[in-house]
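# Residue-level structure breakdown
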Amino acid sequence: MKLGLALPDFGPDAHPEGLLRVCRSAEDMGYDSLWTGDRVLAPRTPGTPYPSADGSMPRVYENHMDPLVALTFAASHTTRVELGTSTLNGLWHPPIMLARSLTTLDVLSRGRLVVGLGLGWMPEEYTAVSVPWKGRGARLDETVDVLEGYWTNDVFAHQGPLFTIPETVVGLKPHRRPGPPVLLAAFTPRGLRRIGRRLDGWLPVAMPLPHLLGMWDVVLKEAEEAQRDPATLRMALRVNPQLTGSKTGPEEMPQAGTLGQYIDYARAAAEAGVHELFMDFGQTRATLEERVDLAGRFIEGVRNG
């Protein structure tokens with residue numbers, strides 16, 4: 001199983017030195033990937049509860065960087081790790097502009113980009129970027145249509161219900177062909193169906209492994225029904241640890257626990273067939289140096305047992 005680490009594009013460590021410290025340390029430690037998230041607003045009281053146990057939005061989101069710019073910075077200071085978004089709210093961008101940005105990043109990183117898309121949870125952010133909250137599924141489908149067409153055609157045009165793109169020559173092509181993998185963070189039956197039938201994989205968040213694998217089975221069955229090879233799909237599991245000083249009970253993991261419990265969870269996930277797992281220590285109270293130390297202890301514990 002591959003292991004990844006979230007970059008500090010949120011919170012007090014979202015600055016050049018913080019990004020540089022984490023991305024270089026991660027590559028030196030043997031991590032396989034680096035990930036950024038996406039926020040454009042941080043209301044004091046969001047109109048919709050944050051999808052967490054208590055519904056409160058992490059205050060680290062009040063200081064946020066552009067996820068693609070942060071990954072471009074990381075690309076220039078690393079040579080091996082993959083660079084993923086978890087998640088990029090792609091619907092905030094006109095699809096042709098999104099295609100250009102993603103292609104550019106894939107070229108500059110020499111094919112290391114993983115496009116993790118999400119639909120977001122906060123209607124206020126859609127208001128801020130003048131994109132309707134309703135109809136997000138249809139907008140996602142058409143956005144993916146544009147990405148696929150832009151990446152695979154030398155001459156491209158698009159006419160759809162939402163977007164019209166006049167014919168254009170597309171000279172810049174992704175380094176990774178036919179294009180970077182596109183994963184989706186989704187948990188509804190419709191979202192899992194969409195992953196199985198047309199996308200490259202799933203971006204779940206940490207949950208009890210039996211529940212996780214049950215949802216993954218839905219994705220694989222949808223792929224089979226669509227006559228796609230399920231073995232080509234990948235799962236990249238995000239873990240937002242809430243670290244405790246003492247062991248928590250089974251009913252609290254993986255929402256909260258010790259570092260040792262998260263190491264055990266990762267090793268169990270690997271045995272269960274999870275392709276990749278990445279940790280975001282940025283939502284803990286750790287300092288930058290403590291965050292780097294946690295990352296080192298975590299990968300050593302998972303790899304060496």
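Our subject is the structure listed above.
Our subject in this report is the structure included herewith. It should be emphasised that the depicted structure is a prediction, and the values quoted were computed from it without experimental measurement.

## Here we look at the nonpolar core
A general trend in soluble globular proteins is that nonpolar side chains are found buried together. Ranked by size, the top nonpolar core spans 75 residues in total, and within it Leu5, Leu34, Leu102, Leu277 and Phe298 carry the most contacts. Counting 7 residues, the second largest nonpolar core, distinct from the first, contains Phe10, Val60, Tyr61 and Met122.

## With respect to the sheet that holds strand β1 (residues 2-6)
Around the barrel, which closes on itself, the 8 strands sit in the order β1-β2-β3-β4-β7-β8-β9-β10 with parallel pairing between neighbours. Relative to strand β8 (residues 201-202), strand β7 (residues 182-184) is paired through 2 bridges, and the arrangement is parallel. Its bridge partner being in β8, leucine 184 is matched across the sheet by tryptophan 202. Of the strands in this sheet, β1 and β10 (276-279) are in contact with helix α9 (residues 288-304), which crosses β1 at around 170 degrees.

## What about the packing of helix α6 (residues 189-198) against helix α7 (residues 209-225)?
Following both chains from N to C, one finds α6 and α7 inclined at 45 degrees, their axes separated by 7 Å at the closest point. Here α6 lies oblique to α7, going by the angle between them. The two elements α6 and α7 cross, and the hand of that crossing is right-handed. Residues Leu192, Arg193, Ile195, Gly196 and Arg197 of α6 form the contact with α7, whose participating residues are Met215, Val218, Val219, Glu222, Ala223 and Glu225. Residue composition of the contact of α6 with α7, by class: 6 nonpolar, 1 polar and 4 charged.

## Regarding the packing of aromatic side chains
Applying the stated criterion to the full structure yields 10 aromatic pairs. With a centroid separation of 6.2 Å and 85 degrees between ring planes, the pair formed by tryptophan 92 and tyrosine 126 is classed as edge-to-face. Taken together, the positions of tryptophan 92 in the loop between β3 (82-85) and α3 (95-108) and tyrosine 126 in helix α4 (residues 123-128) put the pair 34 residues apart, joining distant regions of the chain. Residue tyrosine 126 is classed as buried on the basis of its relative accessible area, which comes to 1%. Among the aromatic residues, those joined into a cluster by ring pairs are Phe10, Tyr50, Tyr61 and Trp121. A cation over an aromatic ring shows up here: arginine 39 above the ring of tyrosine 61, its NZ or CZ 5.5 Å from the ring centre. Its guanidinium or amino end placed over the ring of tryptophan 133, arginine 136 lies 3.6 Å from that ring's centre, counting from NZ or CZ.

## Thoughts on the pattern of salt bridges
Considering all chains together, one arrives at 19 salt bridges under this definition. Across the pair glutamate 125 and arginine 39 runs a salt bridge, and its minimum N-O distance is 2.5 Å. Of this pair, glutamate 125 sits in helix α4 while arginine 39 sits in the loop between β2 (33-36) and α2 (67-76), and the two are 86 residues apart along the sequence. Classification of glutamate 125 by relative accessible area gives buried; the value is 0%. Note that arginine 234 is salt-bridged to glutamate 276, the shortest N-O span being 2.6 Å. On the criterion of sequence distance, the pair formed by arginine 234 in strand β9 (residues 234-239) and glutamate 276 in strand β10 is long-range, its members being 42 residues apart. By relative accessible area, arginine 234 is classed as buried at 15%.

## Points about the packing of helix α1 (residues 16-29) against α2
Where α1 contacts α2, the axes come no closer than 10 Å and their chain directions differ by 55 degrees. Relative to α2, the element α1 is oriented oblique. Like other packed secondary-structure pairs, α1 and α2 cross with a definite hand, here right-handed. In this structure, α1 uses Pro16, Leu19, Leu20 and Cys23 to contact α2, whose residues at the interface are Ala70, Phe73 and Ala74. For the contact of α1 with α2, the per-class residue count stands at 7 nonpolar, no polar and no charged.

## Here's the deal with the pairing of β10
Burial of the side chains of β10 extends over both faces: Glu276 and Phe278 are buried on one face and Leu277 and Met279 on the other. Of the strand pairs in this sheet, β1 and β10 are connected by 4 bridges, and their pairing is parallel. Across the sheet, lysine 2 pairs through a bridge with glutamate 276, a residue of β10.

What counts as what
Residues numbered from 1 in each chain as written. Predicted model: local features only at pLDDT ≥ 70, side-chain atom pairs only at ≥ 80, totals over all residues. Heavy atoms only, no water. Core = buried A, V, L, I, M, F, W, Y, C linked by side-chain atoms within 4.5 Å. Buried < 20%, exposed > 50% of the residue type's maximum accessible area, 1.4 Å probe, protein only. Pairing = 2+ DSSP bridges. Helix = DSSP H or I, 4+ residues; strand = E, 2+ residues; numbered from the N terminus. Contact = heavy atoms within 4.5 Å. Axes fitted to C-alpha atoms, helices over the stretch in contact; angles between N-to-C directions. Parallel < 35°, antiparallel > 145°, perpendicular 65-115°, else oblique. Left-handed = near helix turned anticlockwise from the far one by under 90°. Nonpolar A, V, L, I, M, F, W, Y, C, P; charged D, E, K, R; others polar. Phe/Tyr/Trp six-rings, centres within 6.5 Å; stacked < 30°, edge-to-face > 60°. Lys NZ or Arg CZ within 6 Å of the ring centre and 35° of its normal. Salt bridge = Lys/Arg side-chain N within 4 Å of Asp/Glu carboxyl O.

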